[in-house]
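Residue-level listing of the chains:
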Amino acid sequence: MYNASKVQGSKMSTQVQALYDFTGEPGTTEMSITSGEILTLINTDIGEGWWEGRNSRGETGLFPAAYVRKVTPDESAPTKMAPPAPRYDQAADDWGDHQYSAGDNNYQRAASHDEGWDDDWEDDTYSEIGPGPQQSKQAVNQPLTPLPGMPISDLNHQMDDNSSTFGSSVGTVRKNKFAPSSKVSGESYLLGTLNVEVPDADKIYIEQEGDAYIWSPIPQPYNVTVASPKKESKFKGIKSFIAYQLTPSFNNIQVSRRYKHFDWLHERLQEKFTLIPIPPLPDKQISGRYDEQLIERRRVQLQEFVDWMCKHPVLSRSEVWQHFLTCTDEKRWKAGKRQAERDNLLGLNYCISLVVPEKALLQSQVDHITEQCHIFMNSMDSSVKSLTNMCIAQTKRFQGPYKSDCQKVGEAFYNLGNALSLDEGTIVSTSKLTSAIKMAGGAYIEIGRMYEEQPKYDFEPLGDKFHLYKGIVGSFPDVLANHKAAVQKKKECERLRAENKMEREQLNEVFRRNNVISYALLAEINHFKSERTVDLNATMQKFLKQQITFYKKIVDKLETTLQQFQE
């Protein structure tokens, strides 16, 4: 157990009552507690939302501070009803001031315990590395200079440079699905008040290919493998987590990353690329976080995330992604982390990095394409969810009823063989028949085991692939909403020009930049279309090949059994 005498902290005889049940992780210093149980506090300076205490049996250990309440001296038998159990992210999030809503299913169990939100590279919080969430907004969102004659209310009433920076969804969770956004990030770019020089090496080009517009292809394609997940710990075993090893093909230098690093990266990408849907991460887990099968499923889904990033012409070149893939030095990691969190080219502001064809797009054509995309994404969203649920249901059936039914058939045949064996002393020998029937029983029992194992080869990989598409498709409505808000701002500027409140040159600049935004949207729509065509074709081939192999094995086993009756 944890030795309190070795920890600097307050020692006391204060008693607390457990509000909720908590099951400690076996093999660690965590202690299980039961709702209503009275504990004696030993130390409250453990940090990260954990306290140390002793139960009535004299056992000592750590438990979440948010799961208990202090007992006042005049209380003899506290009976106060406990509020809904808090999640660990509220009790022990040491990465910032985020407080996730109770409806956020992906944060039911906090990463300080599940994945370890304390970082063995940087334990600094936002207050230590720079401005906090609200300060960051103020630092990036300096008041925009209104154009001559433009009412300030017209300039600022609808948009905010970084409206979604810290208040947006976290990880894979998106908000306002299929609802237009009331704000758009990057207004300073659209109105021409953003003065940032982008080096030529960092510029992204959009090219015309036939009648379509596409991102300029990746100059030097590469891939990244996610492998060797292993359980690690820190603080003398108080914290444990799973680390994944990432190896980029362009340098073959391995880096170790935890889920919390991926989650931090995902937030940065969502802030910066509001016209590009960011692939989702695996969901956070409530229990079984160190189960080997679960860890492998998470690794596979992280590999799907990484593969999509590597194949995207824009995301694969982004500075924060390259930093994530290559940094192995603590000081460089912190510096890059701070730089990414202070990036002012977020949202539509990133469009200043884009170089597009000079041809102006027809707004009617753009509107038609975006409307078609919206209809398609609506339908795709429903079908992807349905397919994902099907994979889950089939996995359960294969490992449950299908396995059970086959084994029941096998046991019935095997019992028949046992019954026949009792009559082996008769004049007509049935030993060969008995053996064959028992073999048939064994074959069906083995087929049951095959059913149990099969989902990891077909339905689980298929589900992992459509987990990726569910996240991407679910993000597209926000992308379309951001574009729609930019178009709406352009219309407002046209109205201002009609009222002689804006110069013609300024309106032309708004038109030009709105054109850039439209080019970026069209390029992303075409990228998703081309990628899904190749990706889904390969996915279906793999799935059907596994299905064919599986049922061939069943046929082979039954044919082998049949031969026993024909000899």
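Look a little higher up for the structure.
Residues numbered from 1 in each chain as written. Predicted model: local features only at pLDDT ≥ 70, side-chain atom pairs only at ≥ 80, totals over all residues. Heavy atoms only, no water.

Chemist: How would you explain the overall build of the chain if you had to name every residue and give the values?
Modeler: Check the secondary structure of the chain and you find 14 helices and 11 strands. For the chain, the proportion of its 567 residues judged to be buried stands at 50%. Pairs at least 24 residues apart make up 72% of the contacts formed inside the chain by residues separated by at least 6 positions. Of the roughly 27,300 Å² that the chain leaves accessible, carbon and sulfur atoms contribute 51%. (Helix = DSSP H or I, 4+ residues; strand = E, 2+ residues; numbered from the N terminus. Buried < 20%, exposed > 50% of the residue type's maximum accessible area, 1.4 Å probe, protein only. Contact = heavy atoms within 4.5 Å. Areas by Shrake-Rupley, 256 points an atom, 1.4 Å probe, with all protein chains shown as cover.)

Chemist: Explain a nonpolar patch on the surface to me, and be specific about the residues and the numbers.
Modeler: Together, V409, F413 and L416 give the surface a local cluster of nonpolar side chains, amounting to about 220 Å² of exposed area. Looking at the element boundaries, L416 is found in helix α11 (residues 363-421). A relative accessible area of 40% places L416 in the partly exposed class. (Patch = residues over 30% accessible without salt bridge, like charges linked within 9 Å, V, L, I, M, F, W, Y side chains within 5 Å. Salt bridge = Lys/Arg side-chain N within 4 Å of Asp/Glu carboxyl O.)

Chemist: For the sheet that holds strand β6 (residues 204-209), give the residues involved together with the corresponding values.
Modeler: Judged by pairing direction, the sheet is mixed, and its three strands sit side by side in the order β7-β6-β11 without closing on themselves. Edge positions in the sheet fall to β7 (212-215) and β11 (354-355), since each has one partner strand and no second. Of the pairings in the sheet, the one linking β6 to β7 comprises four bridges and is antiparallel in character. Opposite E207, over in β7, you have I214 as the bridge partner. Here helix α14 (residues 504-566) sits on the sheet in contact with β6, β7 and β11, set at roughly 85° to β7. (Pairing = 2+ DSSP bridges. Axes fitted to C-alpha atoms, helices over the stretch in contact; angles between N-to-C directions.)

Chemist: Give a detailed account of the environment of V314, specifying residues and quantitative values.
Modeler: Residue placement: V314 occurs in the loop between α8 (292-311) and α9 (319-326). Taking the C-alpha atoms as reference points, V314 and W215, separated by 99 residues in sequence, lie 7.6 Å from one another. Once residues lying within four places of it in the same chain are set aside, the contact partners of V314 are I204, W215, F273, I276 and Y350.

Chemist: Any details on the pairing of β6? Residues and values, ideally.
Modeler: In the sheet, β6 pairs with β11 via two bridges, with the strands oriented parallel. Bridge pairing links I204 to L354 in β11. Taking the residues between adjacent antiparallel strands as the criterion, β6 and β7 are bridged by two residues, where G210 takes a positive phi near 70°.

Chemist: I'd like to hear about the pattern of salt bridges, residue by residue, with values.
Modeler: Across all of its chains, the model carries 21 salt bridges by this definition. Here E304 ties to K465 by a salt bridge, and the two come within 2.9 Å at their closest N and O atoms. In this pair, E304 sits in helix α8 while K465 sits in helix α13 (residues 459-498), placing the two residues 161 residues apart along the sequence. In this structure K465 comes out as buried when scored by relative accessible area, which is 10%. The closest approach of N and O atoms between K465 and D535, which form a salt bridge, is 3.0 Å. Of the two residues, K465 sits in helix α13 while D535 sits in helix α14, which places them 70 residues apart along the sequence.

Chemist: Could you give an account of the pairing of strand β4 (residues 60-64), with specific residues and numbers?
Modeler: Among the five residues of β4, five are classified as buried, and the element is accordingly described as predominantly covered. Burial along β4 is two-sided: the face carrying T60, L62 and P64 and the face carrying G61 and F63 are both buried.

Chemist: Give a detailed account of helix α7 (residues 259-272), specifying residues and quantitative values.
Modeler: Between its terminal C-alpha atoms α7 stretches 20 Å, which fits the 20 Å expected from 14 residues at 1.5 Å a residue. Within α7, 14 of the 14 residues are buried, which leaves the element mostly enclosed by the surrounding structure. (Expected span 1.5 Å × (residues − 1).)

Chemist: Just give me the short version of the packing of α8 against α13, but keep the residues and values in it.
Modeler: Viewed as axis vectors pointing N to C, α8 and α13 meet at an angle of 50°, and their least axial separation amounts to 10 Å. Judged by the angle between their axes, α8 and α13 are oblique. With respect to the hand of their crossing, α8 and α13 are arranged in right-handed fashion. Contact residues: Q293, R297, V300, Q301, E304, F305 and W308 in α8; E460, D464, K465, H467, L468, Y469 and I472 in α13. (Parallel < 35°, antiparallel > 145°, perpendicular 65-115°, else oblique. Left-handed = near helix turned anticlockwise from the far one by under 90°.)

Chemist: Tell me about the nonpolar core, and name the residues and values.
Modeler: If you look at the biggest cluster of nonpolar residues, it comprises 83 residues, and the most contacted ones within it are I206, W215, L246, F305, W321 and L354. If you count residues domain by domain, this core takes at least three from each of domain 2 (213-358) and domain 3 (364-564). Not counting the four nearest positions on each side in its chain, W215 is found in contact with I204, Y205, I206, I276, H312, P313, V314, L354, A520, A523, E524 and H527. One finds I33, W50, F63 and Y67 within the second-largest nonpolar core, a separate group that totals 17 residues. (Core = buried A, V, L, I, M, F, W, Y, C linked by side-chain atoms within 4.5 Å. Domains from an automatic or database assignment.)

Chemist: So what's going on with the environment of Y213? Which residues, and what values?
Modeler: The topology assignment puts Y213 in strand β7. Relative accessible area serves as the criterion here: at 7%, Y213 is assigned to the buried category. Residues Y213 and L522 lie 309 residues apart in sequence; the distance between their C-alpha atoms is 6.3 Å. Beyond its immediate sequence surroundings of up to four residues, Y213 is in contact with I206, E207, Q208, P357, K359, L361, Y519, L522, A523 and N526.

Chemist: Before we move on, can you summarise the packing of aromatic side chains with the specific residues and values?
Modeler: Scanning the model with the defined rule gives 25 aromatic pairs in all. On the basis of an interplanar angle of 55° and a centroid distance of 5.6 Å, the ring pair of W264 and W333 is categorised as tilted. Of this pair, W264 sits in helix α7 while W333 sits in helix α10 (residues 330-341), and the two are 69 residues apart along the sequence. Residue W333 is classed as buried on the basis of its relative accessible area, which comes to 0%. Cluster of aromatic residues (ring-pair linked, three or more members): F398, Y402, Y451, F459, F543, F550 and Y551. (Phe/Tyr/Trp six-rings, centres within 6.5 Å; stacked < 30°, edge-to-face > 60°.)

Chemist: Outline α10, listing residues and values.
Modeler: Along an α-helix, a turn takes 3.6 residues, which lines up residues three or four apart on a common side. Over its 12 residues, α10 runs 17 Å from end to end, which matches the ideal 16 Å to within 8%, given 1.5 Å per residue. For α10, the side-chain oxygen to backbone nitrogen distance between the N-cap and K331 is 3.1 Å, and the N-cap itself is D329. (Polar contact = N/O pair within 3.5 Å; in protein donor to acceptor, adjacent residues only side chain to side chain.)

Chemist: Can you break down the environment of L191 residue by residue, with the values?
Modeler: Summarising the element assignment, L191 is placed in the loop between α6 (187-190) and β6. A residue is classified by how much of its surface remains accessible, and L191, at 6% relative accessible area, is buried. Here the alpha-carbon distance between L191 and N514, two residues 323 residues apart in the chain, equals 9.4 Å.

Chemist: Residue-level account of unusual backbone geometry, with values.
Modeler: A positive phi is found at N252, a non-glycine position, where the angle reads about 55°. Tracing the backbone through its elements, the reader meets N252 in the loop between β9 (239-248) and β10 (255-258). Among the residues examined, N252 registers a relative accessible area of 60% and is labelled exposed. For N500, which is not a glycine, the phi torsion comes out positive at approximately 60°. N500 gets classed as exposed once you look at its relative accessible area, which sits at 65%.

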